[in-house]
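So the chains spell out like this:
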Amino acid sequence: MAEMAIPAFFLVWFGIAAAAVGVILLAVPELSLASQFLLWAALSAMLVGLWFRYLKPRTRTAVGTSAANVGGEVGILVSGVTPETRAQVRFQKPILGADVWECYADTAIGAGERVRIVAVEGSYIKVEQAR
């Protein structure tokens, strides 16, 4: 029930560690209570550490990062862009807090083409056709 109230999804590892101690207790029934608690604490810490280090889904976005870190990200043009017009580009994951950006380019690029971020300039991004 606590796992449903806490969105981090790590309490389940305490239960798995307790079940593992129970299985070990079946093999070694003379294990003292203090040893059982120490074993449970060690297994719990190890499992929670593994969860946060390797198993937890990565949901990081580029929100809060500098504009220099998003160079090279690839998106799809919603409409065609020319050197004289601006267009919109959509990204699969949000870039600097938005998944759709106003863009411009030095060359004409058709709608539906894959483009790469060259630079972030104010509220616009400069793109080039992705190769």
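Overview of the structure.

About the cut-offs
- Residues numbered from 1 in each chain as written.
- Predicted model: local features only at pLDDT ≥ 70, side-chain atom pairs only at ≥ 80, totals over all residues.
- Heavy atoms only, no water.
- Core = buried A, V, L, I, M, F, W, Y, C linked by side-chain atoms within 4.5 Å.
- Buried < 20%, exposed > 50% of the residue type's maximum accessible area, 1.4 Å probe, protein only.
- Helix = DSSP H or I, 4+ residues; strand = E, 2+ residues; numbered from the N terminus.
- Contact = heavy atoms within 4.5 Å.
- Pairing = 2+ DSSP bridges.
- Axes fitted to C-alpha atoms, helices over the stretch in contact; angles between N-to-C directions.
- Salt bridge = Lys/Arg side-chain N within 4 Å of Asp/Glu carboxyl O.

**A short note on the nonpolar core**
In this structure, Leu77, Val89, Phe91, Cys103 and Ile125 are the most contacted members of the largest nonpolar core, which totals 15 residues. The biggest single contributor to this core is strand β2 (residues 87-95), with four residues. Apart from residues no more than four positions distant in its own chain, Phe91 is found in contact with Glu73, Val74, Gly75, Asp99, Trp101, Ile117 and Ile125.

**Looking at the sheet that holds strand β1 (residues 74-77)**
Here we have five strands rolled up into a closed barrel, ordered β1-β2-β3-β5-β4, and mixed in their pairing. Ignoring strand direction, the axes of neighbouring strands in this sheet form an average angle of 50°. Pairing analysis gives two bridges linking β1 to β2, with the strands arranged antiparallel. Note that in β2 the partner of Ile76 across the bridge is Arg90.

**Focus on the pattern of salt bridges**
Two side chains with opposite charge may pair up if their charged atoms get near one another. Within this structure, the stated rule accounts for one salt bridge. Here Lys126 ties to Asp106 by a salt bridge, and the two come within 3.0 Å at their closest N and O atoms. Taken as a pair, Lys126 in strand β5 (residues 124-129) and Asp106 in the loop between β3 (98-105) and β4 (114-121) lie far apart in primary sequence, 20 residues in all. Given the relative accessible area of 53%, Asp106 is considered exposed.

Geometric values such as these leave the question of function open.
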